[in-house]
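Residue strings, one per chain:
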Amino acid sequence: MAIDAAAKAESPRRLRSQRDFRRFWTGDLVSQFGSRITEFVLPLLVVTVLDGSGTQVGLLQACYMAPFFLLPLFAGVWLDRRTKRPVMIVMDFGRFVLVMAVPLLALFGFLTLPLLYVVAIAGGVMTVLYDIAATSYVPRLVSAQHLTSANSAVSVNLAVSATAGPGLAGWLSGLFGPAGTLVFDGLSYLTSANALLLIRHREVVPERKADRDPRRELTEGLHAVLRNPPVRALVTHAGIYNAGSAMIVVAFLIYFVRVLGHDPAVYGAVMVASGIGGIVGSLGIPILIRRLGYGRSLLVSLVFSTSSYFLLPLADGGSGDILICGIGLFLGVTGSASGSVIALTVRQRSTPSALHARMNASYRLISFGMLSIGAGTAGFLVDAFGARAVLFLAPCLLVLSAVPAASRPIRTLRTLPDLG
């Protein structure tokens, strides 16, 4: 069977020439860059400033991901009946205010763990709304034949921010302190909101039916995930994988900084390797899809996204730690970034556009909700058995997640429908 014609027809150069997409992409890049700084700084505040335990670090991560449980279902129903761009703009301004509150609280000596938990929960709520709106907005902003390239470009944003964000955050934390570094994140949200305000493309306002049935609409969103075999296989994989990856994030921070005694700046430098891997995976996957199809490309990405993390617990505090951990993170994120582009494109192309927000919400409920469980569990396991033991356990979950992703509905995918 021939490779998807739409994948062959895509032209990244033509996509970049679209002014509105450039504005969306630029705003998203800046926003993701700042968010990476926040993801680096908040746990670092708990470990270095507030002298928190592994359980407290895990609880902070769990608080941030908690809104990804039930909120996405209702957010999906709400977003499917309105335009997406205004929602993203409001969430950018809201996150600006929230993030700027942290350095102010620290300046006046009022920063505590409970307040950080509140900031994490509120930030998670706004991120849920922004991400679901943005994911559903891209298919309305670009044509179907450019969708894979658009998703790849947005994934590059994640990779570039992951590359420079941690290293910059470590350097800025040395200059201004962890709390002061968050000022740069607040400014990124303002920049993102301004870029979205400049977009001229106007969405068609979805029809508002007087006889709406929220329960039926919630059910339709769940069915779009659970009754679509490829999407069902992908969400099962993503749920297991995200639980394992969240455990790695918590355990690796504590193991590398506290147990091995490396400086936060060195930790940031190692995390740069993961960002470089994300860039390679996001940029390279459209080429791989054209040659192998969607299913086989995902199988290739799984090899790297699962086994590579077994390198992390091999670090022993010596000079080779940066190389060992850097290689593990680079290969792992190369695989996970390429797999994310494939999964997102499969979801978007195999679901009617009227269901995109609800489908994305249901998908995130399952897959991102497991991040909260994984992070919270990791904190307890680190305190009970040690960070190194958790770094051996977590990659086993990643390997297990490959089972549904390698099932027949996925591995046989070479072409995708365009349901509009």
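Just so it is clear, the model here is predicted, and its values are computed rather than measured.

Cut-offs applied
Residues numbered from 1 in each chain as written. Predicted model: local features only at pLDDT ≥ 70, side-chain atom pairs only at ≥ 80, totals over all residues. Heavy atoms only, no water. pLDDT = per-residue confidence, 0-100. Helix = DSSP H or I, 4+ residues; strand = E, 2+ residues; numbered from the N terminus. Contact = heavy atoms within 4.5 Å. Axes fitted to C-alpha atoms, helices over the stretch in contact; angles between N-to-C directions. Parallel < 35°, antiparallel > 145°, perpendicular 65-115°, else oblique. Left-handed = near helix turned anticlockwise from the far one by under 90°. Nonpolar A, V, L, I, M, F, W, Y, C, P; charged D, E, K, R; others polar. UniProt positions renumbered as here; feature names shortened; annotations may be inferred. Buried < 20%, exposed > 50% of the residue type's maximum accessible area, 1.4 Å probe, protein only. Polar contact = N/O pair within 3.5 Å; in protein donor to acceptor, adjacent residues only side chain to side chain. Expected span 1.5 Å × (residues − 1). Arc of directions from axis to C-beta. Phe/Tyr/Trp six-rings, centres within 6.5 Å; stacked < 30°, edge-to-face > 60°.

Asks: Kindly report on the confidence of the model for the protein, identifying the contributing residues and their values.
Replies: Residues of the protein with pLDDT of at least 70 account for 89%, and the chain-wide mean is 81. Least confident of the elements in the protein is helix 1 (residues 5-9), whose mean pLDDT is 45; most confident is helix 16 (residues 387-405), at 93. Segment residues 1-12 is flagged for pLDDT under 50; beyond a separation of four residues in sequence, or across chains, it makes 29 contacts in the model.

Asks: Please provide a residue-by-residue account of the environment of Asn157, values included.
Replies: Within the secondary structure, Asn157 is located in helix 8 (residues 147-197). Each C-alpha atom, one on Asn157 and one on Ser31, is 9.1 Å from the other, the two residues being 126 residues apart in sequence.

Asks: Describe the packing of helix 10 (residues 229-259) against helix 13 (residues 321-349), with residues and values.
Replies: Running from N to C, helix 10 and helix 13 cross one another at 155 degrees; their axes reach a closest spacing of 12 Å. Between helix 10 and helix 13, the crossing angle belongs to the class labelled roughly antiparallel. The crossing of helix 10 and helix 13 is left-handed. Residues Pro230, Val231, Leu234, Tyr241, Phe252 and Phe256 of helix 10 touch helix 13, and the partners they reach there are Asp321, Cys325, Leu329, Gly332, Ser336, Ala343, Val346 and Arg347. Tallied by class, the residues present in the contact of helix 10 with helix 13 amount to ten nonpolar, two polar and two charged.

Asks: Quick one: what's the story with the UniProt feature "transmembrane region" (unreviewed entry) in the protein, residue by residue and with numbers?
Replies: Look at the UniProt record and you will see "transmembrane region" (unreviewed entry) annotated at residues 59-80, 92-111, 175-199, 240-260, 266-289, 298-315, 321-344 and 365-382. Within residues 298-315, the helical portion is 56% and the strand portion 0%, while the C-alpha atoms at the span's ends are 29 Å from each other. Taken end to end, residues 321-344 comprises 100% helix and 0% strand; its first and last C-alpha atoms sit 34 Å apart.

Asks: Would you mind going over the side chain of Thr127 in detail, with residue names and values included?
Replies: Structurally, Thr127 is set in helix 7 (residues 113-141). By relative accessible area, which is 9% here, Thr127 ends up buried. A distance of 3.1 Å separates a polar atom in the side chain of Thr127 from a polar atom in the side chain of Tyr64. Ignoring any residue separated from it by four or fewer positions in sequence, one finds Thr127 in contact with Tyr64, Phe68 and Arg95.

Asks: Report on helix 16, specifying residues and quantitative values.
Replies: Here helix 16 spans 28 Å end to end across 19 residues, near enough to the 27 Å set by a 1.5 Å rise per residue. Within the span of helix 16, buried status applies to Ala387, Val390, Leu391, Ala394, Pro395, Leu398, Ser401, Ala402, Pro404 and Ala405. Taken around the axis of helix 16, the buried residues stretch over an arc of 155 degrees, which confines them to a single face. For helix 16, the secondary structure elements touched by its buried residues are helix 10, helix 12 (294-307), helix 15 (369-385) and helix 17 (408-411).

Asks: Before we move on, could you go through the packing of aromatic side chains and cite the residues and values that matter?
Replies: Describing an aromatic ring pair means giving the distance of the ring centres and the angle of the ring planes. This structure, assessed with the given rule, holds five aromatic pairs. Judged by centre distance (5.3 Å) and plane angle (35 degrees), the ring pair of Phe252 and Phe256 falls under tilted. A residue pair is termed a helical-turn pair when its members lie 3 or 4 positions apart in one helix, as Phe252 and Phe256 do in helix 10 at four residues. Exposure class is identical for Phe252 and Phe256. Each is buried. Considering the side-chain rings of Phe252 and Tyr267, the 6.0 Å spacing of their centres and the 40 degrees angle between planes classify their relative orientation as tilted. In this pair, Phe252 sits in helix 10 while Tyr267 sits in helix 11 (residues 264-292), placing the two residues 15 residues apart along the sequence. Judged on exposure class, the residue Phe252 and its partner Tyr267 are both buried. Ring-pair connections join several aromatic residues into one group, and the members of that group are Phe21, Phe24 and Tyr137.

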